[in-house]
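# Geometric and topological summary
Residues per chain, in single letters:
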Amino acid sequence: MVLCICGCNNPKTIEGSYDANVISTEEVFNLIDSKDVVIIDVREEYEYKNSHIKNAYNISLGKLDSIDDYGFSKDMKLIVYCQSGRRSKLALEKLISMG
């Protein structure tokens, strides 16, 4: 699994030594229709309902423990995003710890 993270407002806000790439919003839009990419919006449901990236799954930060219920292949690339990047970073740490 390759993790990519971005914050919609500032894609450069994620720092740390992770097995992940920080990508821009533009790069996300170039990958939207790729079959081996899963886009995960870790914002709250009301934020997701207000607006979200096409084909994104809404799995809020507090519900990431249930990600296995979605049946994503470990070979898929995950793009995790939120509004500012803070929740994306926390989601990244959680997903890495989950394996």
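Residues numbered from 1 in each chain as written. Predicted model: local features only at pLDDT ≥ 70, side-chain atom pairs only at ≥ 80, totals over all residues. Heavy atoms only, no water.

### Details of the confidence of the model for the chain
Low pLDDT marks stretches whose predicted atomic positions should not be read closely. When pLDDT is averaged along the chain, the result is 80; 80% of the residues meet or exceed 70. This stretch, residues 10-14, has a pLDDT under 50; its non-local contacts, to residues over four places away or in other chains, come to eleven contacts. (pLDDT = per-residue confidence, 0-100. Contact = heavy atoms within 4.5 Å.)

### Structural notes on the pattern of salt bridges
Under the counting rule described, the total for this entry stands at five salt bridges. Here aspartate 33 and lysine 54 are joined by a salt bridge, their closest N and O atoms 3.2 Å apart. Of this pair, aspartate 33 sits in the loop between helix H1 (25-31) and strand S3 (37-41) while lysine 54 sits in the loop between helix H2 (45-50) and strand S4 (57-58), placing them 21 residues apart in sequence. Overall, the relative accessible area of 54% leaves aspartate 33 in the exposed class. On the basis of relative accessibility, which here comes to 48%, the residue lysine 54 falls in the partly exposed class. Close ionic contact of arginine 87 with glutamate 47 constitutes a salt bridge, the shortest N to O distance being 2.7 Å. With arginine 87 in helix H3 (residues 86-98) and glutamate 47 in helix H2, this residue pair connects regions lying 40 residues apart in the sequence. Its relative accessible area of 15% is what places arginine 87 among the buried residues. (Salt bridge = Lys/Arg side-chain N within 4 Å of Asp/Glu carboxyl O. Helix = DSSP H or I, 4+ residues; strand = E, 2+ residues; numbered from the N terminus. Buried < 20%, exposed > 50% of the residue type's maximum accessible area, 1.4 Å probe, protein only.)

### Remarks on the nonpolar core
Formed by 13 residues in total, the largest nonpolar core has its most connected members in Ile40, Ile67 and Phe72. Contributing elements (two or more residues each) for this core: S3, strand S5 (77-82) and H3. By residue number, the principal contributor to this core is S5, which donates three residues. In terms of nonpolar packing, the next biggest core, distinct from the first, is built from ten residues, Ile23, Ile32, Tyr48 and Tyr81 among them. (Core = buried A, V, L, I, M, F, W, Y, C linked by side-chain atoms within 4.5 Å.)

### A few points about the pairing of S3
Within S3, five of the five residues are buried, which leaves the element mostly enclosed by the surrounding structure. Burial of the side chains of S3 extends over both faces: Val37, Ile39 and Asp41 are buried on one face and Val38 and Ile40 on the other. Bridging between S3 and S5 involves five bridges; their strand directions are parallel. Opposite isoleucine 39, over in S5, you have isoleucine 79 as the bridge partner. Taken together, the two bridges between S3 and S4 define a ladder with parallel strand orientation. Across the sheet, residue aspartate 41 finds its bridge partner in S4, namely asparagine 58. (Pairing = 2+ DSSP bridges.)

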